[in-house]
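Spelled out from the first residue to the last, the chains are:
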Amino acid sequence: MRSASRSMMARVVPGQQKLAEKLIILNNRAIGMLTRIYNIKKACSDARSKPSFLTEKALESGIKFIVRKFPQVDIRNNQNQLAGVNNAKNEILKGLSIYYHTFVDVMEFRDHFMEFIATVDSLSIFLDITVNYDLTSNFLELVVRYVSLMILVSRIDDRKAIIGLYDHAHDMIHGKMEKDFARMGQMILDYEHPLKKLVDDFAAHSRSLQSAVSSLLHVYPQRNMGAEEWRSNSLFNIVATPAQMLNPAQTDKMQCEYVNMESLERWIYFGYLFCHSSFVSSQEVTTGLWRPVLQANFCLTVFRDEVIMIHRSAEEIFSSIKGYNKKVSEIKECRDISAQQAGRAHREKRKYLRLSLKEFVAILADQPGLLGPKTLFVFMALCYSRDEVMWLSRHATNFIKKVNPEDFVDRHLGELLFYMEELRQLIRRYDEVVQRYYVQFMYGYDSVVLNEAVQNLSVCPEDESIIMTSVVNTMTSLSIKQVEQKELFDFRAMRLDWFRLQAYTSVSKAALNIRDNIQLARLMNSIAFHCRVVDELDEMILETSDLSILCFYPTFFSTAFKRCIELPAQSRFSISFPLACGHFITAVGDFCPEERAHIRDRALNYVNQFLEEMAKEARNLVFNIATEQSHLADELLPKNAGANIKQGQAKKGKAKKGAKTNLQESKKPGEESKRKDRLFVTRMDKYHLALAEICGAINYRPSFVVWEHTFSPKEYLTAHLENRFARTLVSMTFNKETNEIAKPSELLSKLKAHMSVLQTIENYVHLDVTRIFNSVLLQQSQMMDSHGETTITTLYTQWYLEVMLRQVSAGSIVFSEMRRHFVKLSNSHDSSASNQPQVNPEEYSNLQELRALAQIIGPYGMKFLNESLIWHIASQITELKKLVTQNMETLVALRTNFDKPDQMSLLYRRLEGVENVLLRMTIIGVILSFRDVAQEALNNVLQHRIPFLLASVDDFKDHILSDTDIKVTLNINELASAAGLSCNIDPTLCNALASQKVENADDEYKIACLLMVFLAVAIPVLARDEKSLFQAELVAHGNNCHCLARAVNHVAASLFTVHRGNVEERLKEFLALASSSLLKLGQETDKASTRNRESIYLLLERIVGFSPFLTMDLLESCFPYVLLRNSYHGVRRSQPNTASSNLSQAESAGAGSVTA
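Rules used throughout
- Residues numbered from 1 in each chain as written.
- Predicted model: local features only at pLDDT ≥ 70, side-chain atom pairs only at ≥ 80, totals over all residues.
- Heavy atoms only, no water.
- Helix = DSSP H or I, 4+ residues; strand = E, 2+ residues; numbered from the N terminus.
- Rg over C-alpha atoms; globule rule 2.2 N^0.38 Å.
- Buried < 20%, exposed > 50% of the residue type's maximum accessible area, 1.4 Å probe, protein only.
- Contact = heavy atoms within 4.5 Å.
- Areas by Shrake-Rupley, 256 points an atom, 1.4 Å probe, with all protein chains shown as cover.
- Lys, Arg positive; Asp, Glu negative; His and termini not counted.
- Charge placed at Lys NZ, Arg CZ, Asp CG, Glu CD.
- Phe/Tyr/Trp six-rings, centres within 6.5 Å; stacked < 30°, edge-to-face > 60°.
- Core = buried A, V, L, I, M, F, W, Y, C linked by side-chain atoms within 4.5 Å.
- Salt bridge = Lys/Arg side-chain N within 4 Å of Asp/Glu carboxyl O.
- Expected span 1.5 Å × (residues − 1).
- Polar contact = N/O pair within 3.5 Å; in protein donor to acceptor, adjacent residues only side chain to side chain.

(A) Spatial organisation of the overall build of the protein chain. Across its full length, the protein chain carries 50 helices and 10 strands. The C-alpha atoms of the protein chain give a radius of gyration of 47 Å, which is well past the 32 Å a tight globule of 1156 residues would have. Judged by the C-alpha coordinates and their principal axes, the protein chain covers about 145 × 85 × 70 Å. Sorting the 1156 residues of the protein chain into buried and exposed places 54% on the buried side. Summarising the internal contacts of the protein chain: among those between residues at least 6 apart in sequence, 79% fall at separations of at least 24. When the accessible surface of the protein chain is totalled, it reaches about 52300 Å², and 50% of it is carbon and sulfur. One finds the centroid of the 133 positive side-chain charges in the protein chain at a distance of 5 Å from the centroid of its 133 negative side-chain charges.

(B) Looking closely at the packing of aromatic side chains. In the structure shown here, the tally under the stated rule is 54 aromatic pairs. Taken together, a centroid distance of 5.4 Å and an interplanar angle of 35 degrees make the contact between Trp-230 and Tyr-384 tilted. Here Trp-230, found in helix α13 (residues 227-232), pairs with Tyr-384, found in helix α19 (residues 375-395); they are 154 residues apart in sequence, far enough to count as distant. The buried category is assigned to Tyr-384, whose relative accessible area is 5%. Taken together, a centroid distance of 6.5 Å and an interplanar angle of 90 degrees make the contact between Phe-379 and Phe-529 edge-to-face.

(C) Just the nonpolar core, in detail. Counting 380 residues, the largest nonpolar core has Tyr-269 and Leu-450 as its most contacted members. Residue contacts for Tyr-269: discarding those within four places in its chain leaves Trp-290, Val-293, Leu-294, Leu-300, Ile-308, Ile-310, Ser-313 and Ala-314.

(D) Summary view of the pattern of salt bridges. Inspection of the entire model under this criterion finds 66 salt bridges. Between Asp-387 and Arg-223 there is a salt bridge, with the nearest N and O atoms lying 2.7 Å from each other. In this pair, Asp-387 sits in helix α19 while Arg-223 sits in helix α12 (residues 220-223), placing the two residues 164 residues apart along the sequence. Under the relative-accessibility criterion, Asp-387 is labelled buried at 7%. On the accessibility criterion, Arg-223 (4% relative accessible area) is buried. The residue Lys-332 makes a salt bridge to Glu-315 at a minimum N-O spacing of 3.9 Å.

(E) View of unusual backbone geometry. A cis geometry characterises the amide bond from Phe-70 onward to Pro-71, with omega recorded as 0 degrees. Despite not being glycine, Lys-486 has its phi angle at roughly 55 degrees, a positive value. By the secondary structure assignment, Lys-486 is in the loop between α23 (480-484) and α24 (492-505). Residue Lys-486 is classed as exposed on the basis of its relative accessible area of 61%.

(F) Quick look at helix α14 (residues 261-274). Here α14 contains 14 residues, and its C-alpha end-to-end distance of 20 Å stays within 8% of the 20 Å for a straight helix at 1.5 Å per residue. For α14, the side-chain oxygen to backbone nitrogen distance between the N-cap and Glu-262 is 3.0 Å, and the N-cap itself is Asn-260.

Right, here's the structure in full:
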């Protein structure tokens, strides 16, 4: 029946065979079948995606039995072996259905292909790629795709298991074999060795294939030229012949100029194998096509990353044919040549393409009008470059023996991809230029020439005449206004008519034979190219520069990117790799939608990975430069100037004595900028050059789209800079190895150095660096940043509280009211190593350092520091309340009997924890003293930064009316406190105390009153402590008891504000009790009890001096000022003379207060 049907088809009119339509449909279906078979192969080769039935232990014996007996298995007599299959038959039928029917589709496709090729042979169709390009190229591509499909099927290891399992499950359920199983099973067996079977299949149908492959002699030798021949021909160098620069790029085989090189080589390789009986005797085909292909490659693509090793496969075919020993030797010789020379030859080609494309892109960008006449060159450049990328990707992962791997390492691949991207963007940007040029060309030249050619035809049947007339009319109707009005062009119908006409006229007995009208055919090919440039520009770009193949070579793709970014001179082109991921969407077809998600995820992962690496590289360079600048800034710090001063003094001293100076000179700041030679490149120069290159890549595109996801390279860089900047600030603040914290002024110097470097990035990339600063520094002013990491604010807060203030409470450090910072006592009696400060408190607590700290962590950070300090104060007040509760009855009695000295003495002796109360209040005072200096530093900074806003806040605070609601007052005070202004009532302490649990408000108020009583009667105890001596040069007591002045006033104001008491009345009561208790010291005869009586008298004056509620007049009514004056003189006499000036200052300050 088949032979009869073929003879009938031979008698049918050629136009009725629909050869053009069949070629289009079969080629599309071949791509779909290849995609589906490829995915089945990949799924079966991966244990994670393999069908579960193939890995189940229960089915293992049954699968082995089916594969061993495939395709003939007697189910009825082998029930034991197939018991597992029988149990899971329904699941198997459902799970393997898509796999089985894919193989059925392959079998049906094979039938259609063999029927088509028989038709082509029976019609004796003339095939010449330079004449009937569409017909010949589609025919050759169909042959190669069919061959690739059968090779891929043979590479699925589990094909017999899948087909056999499905058929037996079908048989067990339906009682009969699946209808296509017998033929398909035989096909699987026939194509165990696909190439040998295919050689036999094509033996009877080689005539058309032979003529098609032979026509490649007019195309392939020119496309296979080496780099030296390209250079001698000035390929893509349009300025080499200035006179012809505006001439249109025209050849007599336009479409052959940008056909895929690998397609040509596959057509030649498989065509020669299948027509070997005819080609072996043809020296021209062997030397012009066969040998060059074998010498230029050692593998060809079957589909995506599946390749065929061409020498081994050809050797296997020819070694089984008698008389082909010489051919086998020729293949081995070509393999050796390929291994030794192919890599170097293609490396030179890529080198030439990089240089020529760089110049080509620069010229076209400067003169985009040249895109019109030189459009063919653009597509040729894209095609040639794409061919080299594809060649390298498949050969770099499929080596053979004797290959030098270095020939396949290309660190400049990114540059070639970059210029391809530049060409693609240029032709898309100026598409209207191209359209305008070719629309004019078609109606002004092509239509006229074609009309003349048609008129000169001696014979032109009706169908052919209708097609030719339609083409002429279509081109004649074109006008430039259509381009100006942005009208959409569609010439697909015209090109399909030309395809059909090729099929009609290529038949041997056609009335209008294309073999006799070659010039007309070539003119039509040129017209097809011109109209395709007008209406399918994007498709043309895709056809000539599609890089979706890189999706299937992940190792090669990632390695090429790493090599590109590691080379500073090439990092500018690294952006081409994420942009290339946008091509991956073209690898997805309609026949296999399930792979869409997988390829999308791979593309997005690649883009994300590449942009992350680029941002990391830029970030590392930025912070390398910042580290260098930070070191240079360190050299300018005052602490490092001392060494130079000392060295200079030593040199002067030795010079006067006449002694030889052997001092080694230290490197002075600024010497790193001196250069003896302009060509000398420093490390900083290299950093800046590398940064400029990588930033050029990041700034190349503001954003681009991959799989409907928009990526912005600059946002990646911003995120990395923010994270690294934050981590760097924290690492500069605290050294985990030495547990040392940086001085705020030194940290500020380093911070400014880093910020100045970060600001220079704006010279390379359009970044909002201010946004980075605001984000990072604002987060550093909080307790934790957005990632939950420790911040500068937390580090300094913890250090001041847990290290410095803890050492202050140890007794060797005092707060100096004169110097406004903590000072280490030089005459401290406590010399134990544990009490010695680990750091110099003056370097961290002075006003300059705290100003620097305020600049770094800002008002938010200082507010957090303030709140942390107050939290510690609140905890101390809680402990004080416990002590008050413990002595409740005694304190109530003391309060009511303050005018009975004898009774007071008896009651006082019953008090417990007096020293503890004084110690805790002193700690509170120390913390408040440090807090006041920190607030003053913040206020100084804000006066410099926001003077007008700060003046408004200050004015607002100063004009609070006395009858204002306390809540409003506290809110205003909170605003003022956040600005560093001092307040009569501390809002932060009030909030901390108010947040504590209160069971009975009246009891809390009573405890607060008794606490003040406790303090008043306990103060005289301080006179016994030898450290209570007032030191005039520091305006401080040795045990920090002068800080009680702040503690008493702040604690009283806060407690009685929270508990709705009268602050002024309670402080007057405190003053009366305290003065009465201190006056009793004058009657004491025990010298130990009155050791530092005068110093403690001065403390009472300081308490009043710090209070906004008490006056010196009130003090004088309770405590004679003469005692204060005598106390100043007594302290003066006990101090060295060096303190006279400071003492007089302190005394005058006291006198001034009395006068006031």
